[in-house]
Amino acid sequence: MSQKVRVFATCDIGDALNILRAKGYDLEVYPQPEPPPKSLIVEKVKSGIDGLITALRDSIDAEIFAAGQGTLKVVAQFAVGFDNINRADANRFKIPFTNTADVLTDATAEFAFFLMGAVSRRLWNAERLLREHQWGFWHPYLPFLGDEVAGKTVAIIGTGRIGLSMMRKCAGFDMNILCYDPVFQNHEFVKGVQEVKDLTFERGLSKEKTWIKYVDFETALAQADFVSIHVPLVREGESPTPTYHLFNETNLRKMKPTAYLVNTSRGPVIDEAALAKALRQNWIAGAALDVYEKEPLAADSPLRDPAIEDRCRLYPHFASAGRITRLSADPNKGMAGRCVQALIDVLEKNYGGDLTKMPYVVNKEAFRE
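Below or above, wherever it landed, is the structure these notes cover. Predicted, not measured: the structure shown is a model, and the values here were computed from it.

The next thing to look at is the side chain of arginine 313. Mapping arginine 313 onto the fold places it in strand β12 (residues 312-314). Buried charged residue arginine 313 carries no salt bridge. Nearest counter-charge: glutamate 309, at 6.3 Å. A polar atom in the side chain of arginine 313 sits 2.8 Å from the backbone oxygen of glutamate 309. Apart from the residues lying within four places of it in its own chain, the contact partners of arginine 313 are Ala118, Val119, Trp124, Asn125, Ala287, Ala288 and Leu289.

Here it is, written out as structure tokens:
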């Protein structure tokens with residue numbers, strides 16, 4: 001490729017960028033770990049770059065697309081989510097944007113599974129006890145007990161790729177699984193999981209017969225010991241089944257007082273003020289969150305209330321933060337590799353230049369005749 005092909009990356013995504021350098025791309029990477037100011041992104045786009053590599057922390061809207069009109073050919077998002085990109089604006093200016101779906105599926109589900117144990121077995125409380133020299137003796141139930149994960153009932157809210165991966169992990173711990181999805185129900189997958197569950201029981205690998213089934217939302221909340229969220233963020237008016245503040249006061253009250261809530265999907269799916277209230281008033285036993293309504297989490301967030309810190313685990317949007325998942329240059333393994341490949345597909349007109357056939361282009365609808 002000619003060196004005239006110019007790309008600006010708003011953050012360093014590792015060795016995968018060397019693929020672009022090897023192709024002769026004129027690549028500029030924002031050198032600081034903090035996000036660049038939007039004014040700088042606009043300036044770079046106005047300068048005539050062909051490709052823009054972005055992250056969830058970058059606001060990409062009409063101002064960006066207008067600045068790149070006639071020159072900007074693709075926005076390559078280093079994330080599966082694209083809440084930061086205004087899809088309608090991208091379509092209006094006929095600029096494709098891509099994401100890194102699927103390569104982070106197992107890493108995210110794995111992390112969600114770990115969060116169930118972290119909050120229910122009270123790992124943070126126990127380590128703090130030791131580090132603060134408050135552990136002086138062993139006792140059967142003092143200073144506190146946690147709740148086991150194995151053998152319990154988990155509700156998987158959203159049965160897309162990550163939800164399905166979460167089911168497989170929960171099945172390995174002999175959990176009963178309640179599935180809920182307002183859009184698509186993968187009954188074949190659920191049937192396969194049940195067959196595996198039945199076989200492990202028949203072969204004596206599991207002591208008790210366990211089950212998996214689809215149920216309605218209210219049943220999932222009412223019966224689950226753990227509720228794990230895996231839905232996309234859909235706001236009012238965008239779909240008949242919005243997920244914005246799906247977990248509000250009304251629905252949090254439907255959960256068991258002994259239940260735990262885990263969110264690795266999108267922050268605004270939970271009304272954080274309502275969740276803090278639910279924890280203070282013991283509507284639920286605990287929560288573990290990796291995403292928030294606004295990131296980074298504000299210093300005055302109700303989730304930081306010291307009164308609930310023993311039952312509220314907070315993590316820094318960390319679910320996909322595995323070395324291979326984040327930084328592998330292989331597009332079949334890493335977000336970085338997939339981000340770069342998506343950029344190349346558009347700039348080098350792979351798939352015959354047909355944007356609707358490119359696997360990582362999100363807004364295909366803007367390019368269909």
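What follows covers the layout of surface pockets. Of the pockets and cavities examined, the second largest pocket occupies roughly 390 Å³. For the lining of the second largest pocket, the class distribution of residues is 12 nonpolar, 2 polar and 2 charged.

Here we come to the sheet that holds strand β7 (residues 176-180). What the 7 strands build is an open sheet, ordered β8-β7-β6-β9-β10-β11-β12; its pairing is parallel. The sheet is open, and its two edges are formed by β8 (212-214) and β12, each paired on a single side. Across the sheet, the mean angle separating the axes of adjacent strands is 15 degrees when strand polarity is ignored. Relative to strand β10 (residues 260-263), strand β9 (residues 226-229) runs parallel, the two sharing 4 bridges. For phenylalanine 226, the partnering residue across the bridge sits in β10 and is tyrosine 260. Running over the sheet, helix α7 (residues 161-171) touches β6 (153-157), β7, β8 and β9 and is turned about 170 degrees from β6. Packed onto the sheet, helix α8 (residues 187-202) meets β7 and β8 and runs at close to 160 degrees relative to β8.

On to the environment of tyrosine 244, then. In this fold, tyrosine 244 is placed in the loop between β9 and α10 (249-252). In this structure tyrosine 244 comes out as partly exposed when scored by relative accessible area, which is 32%. A C-alpha to C-alpha distance of 13 Å links tyrosine 244 and lysine 294, two positions 50 residues apart in sequence. Tyrosine 244 has contacts with Leu233, Val234, Arg235, Pro268 and Glu293, leaving out every residue within four places of it along the chain.

Applying the stated rule across the entire model yields 7 aromatic pairs. An angle of 45 degrees between the planes, with centres 5.1 Å apart, marks the rings of tyrosine 180 and phenylalanine 217 as tilted. Of this pair, tyrosine 180 sits in strand β7 while phenylalanine 217 is found in helix α9 (residues 217-223), placing the two residues 37 residues apart along the sequence. For the pair tyrosine 180 and phenylalanine 217, a shared accessibility class is recorded, and that class is buried. Against the face of tryptophan 211 rests lysine 213, its NZ or CZ located 4.7 Å from the ring centre.

It is worth spelling out the sheet that holds strand β2 (residues 26-29) at this point. Strand order in the open sheet formed by 5 strands is β2-β1-β3-β4-β5, with parallel pairing between adjacent strands. For this open sheet the edge positions go to β2 and β5 (97-98), each flanked by a neighbour on one side alone. Sheet analysis places strand β1 (residues 6-9) next to β2, joined by 4 bridges and oriented parallel. Looking at the pairing, valine 7 lines up with leucine 27 of β2.

Let's shift gears to the nonpolar core. If you look at the biggest cluster of nonpolar residues, it comprises 35 residues, and the most contacted ones within it are Ile157, Val227, Phe247, Leu252, Met255, Leu261 and Leu275. Secondary structure elements with two or more residues in this core: β6, β7, α9, β9, α11 (272-280) and β11 (286-289). Sorting elements by how many residues they give to this core places α11 first, with 5 residues.

A few words on the side chain of asparagine 99. Its location among the elements puts asparagine 99 in the loop between β5 and α5 (105-120). The class of asparagine 99 is buried, set by a relative accessible area of 10%. Within polar-contact distance, the side chain of asparagine 99 engages the backbone oxygen of valine 80 at 2.8 Å. Not counting the four nearest positions on each side in its chain, asparagine 99 is found in contact with Gln77, Ala79, Val80, Phe82, Arg338, Tyr360 and Val362.

Two elements in contact, α5 and α7, have axes separated by 8 Å at closest approach and are oriented at 50 degrees. Considering their axes alone, α5 and α7 lie oblique with respect to each other. By crossing handedness, the relation of α5 to α7 is classed as right-handed. Residue-level contacts link Thr105, Asp106, Thr108, Ala109, Glu110, Ala112, Phe113 and Met116 of α5 to Arg161, Ile162, Ser165, Met166, Arg168, Lys169 and Cys170 of α7.

Reading guide: rules and limits
- Residues numbered from 1 in each chain as written.
- Predicted model: local features only at pLDDT ≥ 70, side-chain atom pairs only at ≥ 80, totals over all residues.
- Heavy atoms only, no water.
- Helix = DSSP H or I, 4+ residues; strand = E, 2+ residues; numbered from the N terminus.
- Buried < 20%, exposed > 50% of the residue type's maximum accessible area, 1.4 Å probe, protein only.
- Lys, Arg positive; Asp, Glu negative; His and termini not counted.
- Salt bridge = Lys/Arg side-chain N within 4 Å of Asp/Glu carboxyl O.
- Polar contact = N/O pair within 3.5 Å; in protein donor to acceptor, adjacent residues only side chain to side chain.
- Contact = heavy atoms within 4.5 Å.
- 1 Å grid on protein atoms, 1.4 Å probe; cavity = no way out; pocket = protein on both sides within 12 Å on 5 of 7 lines; lining within 4 Å.
- Points joined across faces, edges and corners; volume = space filled by probe spheres on them.
- Nonpolar A, V, L, I, M, F, W, Y, C, P; charged D, E, K, R; others polar.
- Pairing = 2+ DSSP bridges.
- Axes fitted to C-alpha atoms, helices over the stretch in contact; angles between N-to-C directions.
- Phe/Tyr/Trp six-rings, centres within 6.5 Å; stacked < 30°, edge-to-face > 60°.
- Lys NZ or Arg CZ within 6 Å of the ring centre and 35° of its normal.
- Core = buried A, V, L, I, M, F, W, Y, C linked by side-chain atoms within 4.5 Å.
- Parallel < 35°, antiparallel > 145°, perpendicular 65-115°, else oblique.
- Left-handed = near helix turned anticlockwise from the far one by under 90°.

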